[in-house]
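# Structural overview
Chain by chain, the residues:
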Amino acid sequence: MLLNSSQLDFTLNLAKQKDKDNTYFYASSANAYVDLSLVGSDLAITSGKALAYYVGDSANGYKAFTYDPIKKEGARFFDTNGDGIADYASLRFVDGGYGDKDGVKNGAIVDPGAAAAASISASLSSSGQSLLVKDANKGDAKVAVNLKASLRSRAATANEIGYIVLNDGDAVTFSTLTDRAQVLFSNLQSGDVPDLNSFSFQRQLSLVNGQSLRLFETSNTTLAALAAGKASIEALGSSFQWLTSTVTAGVASYNSTSGLNFTLELSGAALGLGQLLAQEQANAPVLDFTGMGGKTLSASYVLAREASYSSSLSFYRVQDVLGTVKDTTTGLSYRPGDTDYLNVAKTNMVSSLSNLAVANLQTGSGSLSLNETTYLAPMAVLNGGETYFAFAAANSDGLAHFRSLGDNTIGLEDIRGGGDLDFDDLIFSITPTQLV
């Protein structure tokens, strides 16, 4: 489910304090429009330790505001320099909603709150089609638990692996599935692909202790396409299946009848720079610079091609994960499908991420520095003159031509109408190295 433009992204400067139990936490008296910078070994992510975030409520108490993937709001913690300590946090609020103390949609967030560290020992347990992530002794502790997903083998067709997050007692209905579904992997088919040795097909995600996951697979299609016009899970037919896991030594293994295999395990670390950039890729294949605080990101990239058509890849600035672009001259906004969307998108192209190309069955690479504050979305210009976007409404055939294949790895389908839907005609991957 895509986010909407009413959701805001804030970061805050925090000062370290002690609570009555002599536990360190971070509190802010600043407003919600300055950078968040977490400093100190108290926020180290180690075995048996997790982070949480709390905000004030209308009764002058505190409630958990750790990032909740069901609400798609809350605080996520990041280690941006690789030292094992969370030094950055991204806070997602809904103005007037969850986490906003005044409860009024007025363009301001009241009382952003404080971060805290807690001792916890979460584990994975499988029950039927659900994978529970929980500390059995502290099931009510609303702390962040990070998981790492790794793709081990691929299916013969280009399948989508997705997930929904559930709280205890949540029913799994068609609306629950379609409202909460997020993409874990878009699987590249097992054959007829470019050289993939330079690519890592992994994804990291953050849950709240006590939540569970349901994983599903769609065969040679996406859930969005499969669910169109349907009203029940049963109506999705044989192209949809729930996946079950086996947990061994703390690792949940998923083996599909399609030949696809992947694992989920507790990461035991804070999310890193790559995950800061990939925050919204479960919703859309975009690079997220909204939480970078205006700092410069250094990165390397890899590009590979397996296609007879030549194409050039560029990234352009969008205002949200719906693909909204702003005309830098008039200030007017355009959504995918609007007249002049293509022209306005081209005026928002990022010069250092423009016209990237590589020969068929070849791999190219490079490095770059980016100082951006919005989302960056991909667009591809084919040698036949067609331009394709990640947003279906912007394309002449009404299909999305990019998929997220893993954290910061994006694949292109270059044939009008979807072709073979393999999304490996051009593959781009970016690896952040430094944020200064």
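Residue indices begin from 1 for each chain and proceed along its sequence in written order. Totals for whole chains, interfaces and linings use every residue, but because this is a predicted model, local features are given only for residues with pLDDT of at least 70 and side-chain atom pairs only at 80 or more, for both listing and counting. Water and hydrogen atoms play no part in the side-chain values, which are based on all heavy atoms of the structure.

We now examine unusual backbone geometry. Positive phi, normally seen in glycine, also occurs at Asp 340, with a value near 75°. Elements are defined by DSSP. Helices are runs of H or I of four residues or more, strands are runs of E of two residues or more, and each kind is numbered from the N terminus. Looking at where Asp 340 falls in the secondary structure, it is placed in the loop between β25 (333–334) and α4 (341–347). Since its relative accessible area comes to 41%, Asp 340 is described here as partly exposed. The backbone of Leu 361 sits at a positive phi, close to 60°, despite the residue not being glycine. Topologically, Leu 361 is positioned in the loop between α4 and β26 (363–370). You can call Leu 361 exposed: its relative accessible area is 56%. Each residue's exposure class comes from its accessible area (1.4 Å probe, protein chains only) as a fraction of the maximum for that residue type: buried when under 20%, exposed when over 50%, partly exposed otherwise.

Glancing now at the packing of aromatic side chains. Two rings from Phe, Tyr or Trp (for Trp, the six-membered ring) form a pair when their centres are within 6.5 Å of each other. A pair whose planes differ by under 30 degrees is stacked, one over 60 is edge-to-face, and the rest are tilted. A complete count under the given rule lists twelve aromatic pairs for this structure. A ring has a charge above it when a Lys NZ or an Arg CZ is no more than 6 Å from the ring centre and no more than 35 degrees off the ring normal. It is Arg 76 that lies over the ring of Tyr 67; its NZ or CZ is 3.7 Å from the centre. Taking the ring centre of Trp 242 as reference, the NZ or CZ of Arg 214 above it sits at 5.1 Å.

In terms of nonpolar packing, the biggest core is built from 46 residues, with Tyr 316, Tyr 341, Leu 353 and Phe 428 touching the most fellow members. Within the residue set of this core, elements represented by two or more residues are α3 (273–277), β22 (297–305), β23 (311–318), α4, β26, β27 (375–382), β30 (409–412) and β31 (426–435). Among the elements that line this core, the one with the most residues is β27, at five residues. Setting aside residues no more than four positions away along its own chain, Tyr 341 makes contact with Tyr 316, Val 318, Gly 323, Val 325, Tyr 334, Arg 335, Pro 336, Phe 389, Phe 391 and Ala 394. The next biggest cluster of nonpolar side chains, apart from the first, holds 33 residues, and it includes Val 133, Ile 161, Phe 185 and Leu 213. Here the nonpolar core consists of buried residues drawn from Ala, Val, Leu, Ile, Met, Phe, Trp, Tyr and Cys, with membership extended through side-chain atoms lying within 4.5 Å. The contact definition used throughout considers only heavy atoms, calling two residues in contact when any of these lie within 4.5 Å.

Residues in a regular strand project their side chains so that they alternate between the two faces of the sheet. Burial analysis of strand β29 (residues 402–406) places five of its five residues in the buried class, which makes it a mostly covered element. Across four bridges, the pairing between β29 and β30 is antiparallel. Its bridge partner being in β30, Phe 402 is matched across the sheet by Leu 412. In this structure, the hairpin formed by β29 and β30 is closed by a connection of two residues, where Asn 408 is found at a positive phi of approximately 60°. Strand pairing is assigned whenever DSSP detects at least two bridges linking the two strands.

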